[in-house]
There are 2 protein chains.
Amino acid sequence: MALLNNLIEKLQWLPGIGRKTAQRLAFFLQKMEKARVQELADAIVRARTMLHECSICHNLSEHDPCEICRNGKRDTDRICVVEQPSDVMVIERTSEYRGTYHVLHGVISPIDNVGPDDLRIRALIERIKEHPVEEVIIATNPTTEGDVTALYIAKLLKPLGMSVTRIARGLPMGSDLDLADTTTLSRALEGRREL
Amino acid sequence: MALLNNLIEKLQWLPGIGRKTAQRLAFFLQKMEKARVQELADAIVRARTMLHECSICHNLSEHDPCEICRNGKRDTDRICVVEQPSDVMVIERTSEYRGTYHVLHGVISPIDNVGPDDLRIRALIERIKEHPVEEVIIATNPTTEGDVTALYIAKLLKPLGMSVTRIARGLPMGSDLDLADTTTLSRALEGRREL
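Residues numbered from 1 in each chain as written. Chains lettered and ligands numbered in written order. Predicted model: local features only at pLDDT ≥ 70, side-chain atom pairs only at ≥ 80, totals over all residues. Heavy atoms only, no water.

**Q** Honestly, the domain arrangement of chain A in this entry has me stumped. Any pointers?
**A** Often, the extent of an interface is quoted as the loss of accessible area upon association of its parts. In terms of domain boundaries, chain A breaks down into domain 1 (2-50) and domain 2 (74-189). Computed over C-alpha atoms, the centres of domain 1 of chain A and domain 2 of chain A are 34 Å apart. (Domains from an automatic or database assignment.)

Next comes the structure, spelled out in structure tokens:
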């Protein structure tokens, strides 16, 4: 079973996949049509080898500039700053936002040895100096690291004279006051708006 | 993001992987070294294309006969009948069993339209007629389907004059009487042994 053990071992490289899940996946793959297994393997390799960072927004794309940066209908006066390419996908799914993006590829995190120079922050500043914008919306995650990164970027951008905003935090839709943690609740109170 | 969406879609072919997990895996793959991604994809394809059923025991192997059937040190007087190739792996890990195996590739399950002829039962009977054995240990799962399949096979084998046994069922190690369901508990009582 060397081939099978090899596959089970390699599947465990993936996050959240332990020995049991890897085994289940490996045996499932044995029952799948060969052509489909080949398709899956090709999709993995192609996505990894053909995706590159867009030279403007640093999102992952098979084109440079990426689809969003090339799209003439997007509002180039607005840049939404996010941590990861996956965040672009999440925001795009809302169909609310028509501006452009800037992907940092991480957050400032001294514990993980990630400083500002490890992110695409300098590229953001240069991008804005070259093409000034009206607003930069910082949509890093509502975590300590996300907040620190947001403040750091805001400090650098403010002197350039534009509006720098942070996405709102508060109670998620469909949740219950009872279940909210105190920090979320106090942020929700802070961020209250007139009805 | 066509390539990425394509990958995310195909990852969802796998069991237990929904959209969110597929997304997480897809982005994780982007951060992995290209060489390792290629290795993973190769392992998937090779396992699927190079593994075949052993003509003796019907386990999956890159060789025919498989490693276990070819191994001169195994006790060929004993055959352990299991549902899936993964069960062979599980039993081998105990290092308790030195006999050979027979993989059914399923269980009798009228709901799923699986009858005896869809399994490797006929192959088992022929194998035993050709090379008689002392004992057949039926290690199908302790489920209704597993029990039905075990009884069906036992009925066919008994006239051939060998011992047909079923793996014991009882309380799992480290568990608690309080937590056992009544069926498990009554089977544990039934199967009691002198100390």
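Back to the write-up after that little detour.
**Q** In this structure, what is going on with the packing of aromatic side chains? I would like to understand it.
**A** The description of an aromatic ring pair rests on the distance of the ring centres and on the angle between the ring planes. Counting across every chain of the model gives 2 aromatic pairs over all chains. Considering the side-chain rings of A:Y97 and A:Y101, the 5.2 Å spacing of their centres and the 65 degrees angle between planes classify their relative orientation as edge-to-face. On the basis of relative accessibility, which here comes to 13%, the residue A:Y97 falls in the buried class. Its end group placed over the ring of B:W13, A:R36 keeps NZ or CZ at 3.8 Å from the ring centre. (Phe/Tyr/Trp six-rings, centres within 6.5 Å; stacked < 30°, edge-to-face > 60°. Buried < 20%, exposed > 50% of the residue type's maximum accessible area, 1.4 Å probe, protein only. Lys NZ or Arg CZ within 6 Å of the ring centre and 35° of its normal.)

**Q** What's the story with the pattern of salt bridges in this structure? I'm lost.
**A** Pairs may arise between side chains of opposite charge once their charged atoms sit close together. According to the stated counting rule, one finds 16 salt bridges over all chains in the structure shown. Taking the shortest distance from any N to any O, the salt bridge between A:R78 and A:E134 comes out at 3.3 Å. Of this pair, A:R78 sits in strand β3 (residues 75-82) while A:E134 sits in the loop between α6 (121-130) and β5 (135-138), placing them 56 residues apart in sequence. One salt bridge connects B:R78 with B:E135, and the closest N-O pair in it is separated by 2.8 Å. (Salt bridge = Lys/Arg side-chain N within 4 Å of Asp/Glu carboxyl O. Helix = DSSP H or I, 4+ residues; strand = E, 2+ residues; numbered from the N terminus.)

**Q** How should I be thinking about helix α5 (residues 85-94) of chain B in this particular structure?
**A** An α-helical turn contains 3.6 residues, so any two residues separated by three or four positions project in the same direction. Regarding α5(B), the residues found buried are B:P85, B:S86, B:D87, B:V88, B:M89 and B:I91. Contact partners of the buried residues in α5(B): α1 (2-11) and α2 (19-31) of chain A together with β2 (60-61), α4 (67-70), β3 (75-82) and β4 (99-103) of chain B. (Contact = heavy atoms within 4.5 Å.)

**Q** Just checking my understanding: could you explain the packing of α1(A) against helix α3 (residues 34-50) of chain B for this structure?
**A** Pairs of packed helices are described in terms of their axes, by the angle between the two and the distance that separates them. Between α1(A) and α3(B), whose axes approach to 9 Å, the crossing angle comes to 150 degrees. By the angle between their axes, α1(A) is roughly antiparallel relative to α3(B). Every pair of crossing elements has a handedness; the one defined by α1(A) and α3(B) is left-handed. Contacts between α1(A) and α3(B) involve A:L3, A:N6, A:L7, A:K10 and A:L11 on the former and, on the latter, B:E39, B:L40, B:A43, B:I44, B:R46, B:A47 and B:M50. By residue class, the composition of the contact of α1(A) with α3(B) is 8 nonpolar, 1 polar and 3 charged. (Axes fitted to C-alpha atoms, helices over the stretch in contact; angles between N-to-C directions. Parallel < 35°, antiparallel > 145°, perpendicular 65-115°, else oblique. Left-handed = near helix turned anticlockwise from the far one by under 90°. Nonpolar A, V, L, I, M, F, W, Y, C, P; charged D, E, K, R; others polar.)

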